Amino acid sequence: MTTPPTTAPTPAVSMLRLLGGFQISQALYVTARAGIADRLAAGPRTVPELTEGTGLRPELLRRLLRTLAAEGVFGYDETSDGVSLGALGHTLRTDVPESVRNVALMWMETHYRPFAGLWGTLHDGIPAAEAELGMPFFDWLAKDPAGVATFSGAMGDLMRAVRADALAALELDGVRTLVDIGGADGTALAELAVRNPQLRGTVFDLPHVVAAAPGLLRGRGVEDRIAAVGGDFFTAVPSGADCYLACFILHDWNDEQAARILGRIHEAAAPGARLFLVETVLGEGTPPEIATLLDLTMMGMLHGRERTRGDWRSLLGGADFRLDRIRETGGPMCVVEATRLPRPEDGHGPTT
Ligand SMILES: C[S@@+](CC[C@H](N)C(=O)[O-])C[C@H]1O[C@@H](n2cnc3c(N)ncnc32)[C@H](O)[C@@H]1O
């Protein structure tokens, strides 16, 4: 008896495609770094045209692009030797809202090599990046201005690609002052300030990161309402605001570290202040779930983790914040809304 042909891949073939992911990642990196998608923005080009000035070998790039054509990134026509953008290709352009080119650069230039050490991490609990770099990832990054620029660029891409929906979902009616904890170059807070003309605020991040903020804030015309302050959120954060935002921050840290950051926010925040966390919530958010992939990123690179609804409730509760609600957004991130609860040392009565 013969088995009828089927178009569905066998489990072994599906597994081989998963296992080969590291090769696809590197192939995507080569094209991202060479700016191939940008060269195709105006229309199809031949492989020799695409390699001009890149130093890439046409006969090898042709094979690489053919592989990525099978993944929907490029189109490749054997007869004309023509290459075009596939359904996913525009995301590797530099100048489009859905661009994740900087993520391609960051993941392959800083994350890829450490991930070879994941076996060790699962045994000793030390993030593979920390073992590879000899120091915590953010300490290592601080020594490399070019790396900081790539990292901030990648965060900006991720912001547009996966967090824009969450920013749009933030309800800031009645909020007068907002501090964006770990706000990087101010991209998010500038956007919020443009949308909410009543809003004043502070973007707070490590000094060498927030150094990029004043220029960006000027460019968005909000420099008179938004200040840029450098510091360490394990030591102290700007005080007195009625709303604190931590977008994609606490997932970088383990529960003890995240509780310390929340402790600094609690000390600084006005009584009854709101706290908005833009984070993934495992098992929630719009599919396909990106949280499980990010959870691996946290394991390999930092001491962080993605969290479930229950994890968020207990983390916030332990730091004297009340979890009010978790709002799903149009994208993979959620808005975790909380309120600062009073502590006896506040010296004033209950505020909520
Ligand atoms: C994953 S990024 C998120 C950036 C931004 N909120 C966003 O959503 O794109 C984490 C940020 O935390 C900042 N950060 C790390 N350690 C810090 C510290 N000790 N104090 C202040 N900021 C810190 C990093 O510089 C980085 O900008």
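Residues numbered from 1 in each chain as written. Predicted model: local features only at pLDDT ≥ 70, side-chain atom pairs only at ≥ 80, totals over all residues. Heavy atoms only, no water.

*Asks:* Looking at this structure, how should I read the pairing of strand E4 (residues 177-181)?
*Replies:* In the case of a regular strand, side chains alternate between the two sheet surfaces. For E4, the tally of buried residues reaches four of five residues, placing the bulk of the element in the interior. Sheet analysis places E4 next to strand E5 (residues 200-205), joined by five bridges and oriented parallel. Paired with Ile-181 across the bridge in E5 is Phe-204. As for the winding sense of the linkage, the β-α-β connection from E4 through helix H11 (residues 187-195) to E5 is right-handed. Of the pairings in the sheet, the one linking E4 to strand E7 (residues 243-247) comprises four bridges and is parallel in character. What sits directly across from Val-179, in E7, is Tyr-244. (Buried < 20%, exposed > 50% of the residue type's maximum accessible area, 1.4 Å probe, protein only. Helix = DSSP H or I, 4+ residues; strand = E, 2+ residues; numbered from the N terminus. Pairing = 2+ DSSP bridges. Right-handed = clockwise from strand over helix to strand, strands pointing away.)

*Asks:* Would you explain the site of the ligand in this entry?
*Replies:* As a matter of local geometry, the ligand sits amid 18 residues, with Arg-163, Gly-182, Asp-205, Asp-232 and Cys-247 nearest to it. Contact between the ligand and Asp-232: a nitrogen atom at 2.8 Å from a side-chain N or O atom of the residue. The backbone of Phe-233 places a nitrogen or oxygen atom 2.9 Å from a nitrogen atom of the ligand. Judged by the proximity of its atoms to the pocket grid, the ligand belongs to the second largest pocket. Here the shell around the ligand gets three residues from one element, more than from any other, and that element is helix H10 (residues 145-169). (Near = heavy atom within 4 Å. Polar contact = N/O pair within 3.5 Å; in protein donor to acceptor, adjacent residues only side chain to side chain. 1 Å grid on protein atoms, 1.4 Å probe; cavity = no way out; pocket = protein on both sides within 12 Å on 5 of 7 lines; lining within 4 Å. Sits in = over half its atoms within 2 Å of the grid points.)

*Asks:* Is there a simple way to think about the environment of Asp-139 in this case?
*Replies:* Topologically, Asp-139 is positioned in helix H9 (residues 137-142). Accessibility expressed as a relative area gives 44% for Asp-139, which makes it partly exposed. Linking Asp-139 and Asp-295, residues 156 residues apart in sequence, is a C-alpha distance of 21 Å.

*Asks:* When you look at the packing of helix H2 (residues 21-34) against helix H5 (residues 58-69) in this model, what are you seeing that I'm missing?
*Replies:* In helix packing, the relevant descriptors are the interaxial angle and the interaxial distance, both defined with respect to the helix axes. For the pair H2 and H5, interaxial distance at closest approach is 10 Å and the crossing angle is 120°. For the element pair H2 and H5, the recorded crossing hand is left-handed. The segment H2 lies against H5, with Ile-24, Ala-27, Leu-28, Val-30 and Thr-31 engaging Leu-64, Leu-65, Thr-67 and Leu-68. Counted by class, the contact of H2 with H5 contains seven nonpolar, two polar and no charged residues. (Axes fitted to C-alpha atoms, helices over the stretch in contact; angles between N-to-C directions. Left-handed = near helix turned anticlockwise from the far one by under 90°. Contact = heavy atoms within 4.5 Å. Nonpolar A, V, L, I, M, F, W, Y, C, P; charged D, E, K, R; others polar.)

*Asks:* Quick question: what am I supposed to make of the domain arrangement of the protein here?
*Replies:* The extent of an interface is frequently quoted as the accessible surface area lost upon association of the parts. Structurally, the protein comprises domain 1 (11-90) and domain 2 (108-346). For domain 1 versus domain 2, the separation of C-alpha centres amounts to 34 Å. (Domains from an automatic or database assignment.)

*Asks:* Which parts of the structure should I look at to understand the layout of surface pockets?
*Replies:* If a probe as big as a water molecule is rolled over the atoms, it shows which places are left empty. Quantified by volume, the largest pocket comes out at close to 1500 Å³. Put simply, the parts of the chain that give the lining of the largest pocket at least two residues each are helix H1 (11-19), H2, helix H6 (101-111), H10 and helix H15 (291-301). Of all the elements, H2 adds the most residues to the lining of the largest pocket, at seven residues. Of the domains in this structure, domain 1 (11-90) and domain 2 (108-346) are the two that each give at least three residues to the lining of the largest pocket. Approximately 680 Å³ is the volume attributed to the second largest pocket. Around the second largest pocket sit 38 residues that line it, and Phe-138, Asp-205, Phe-233, Ile-249 and Asp-252 are the ones nearest its centre. For the lining of the second largest pocket, the element with the most residues is H10, which contributes six residues. (Points joined across faces, edges and corners; volume = space filled by probe spheres on them.)

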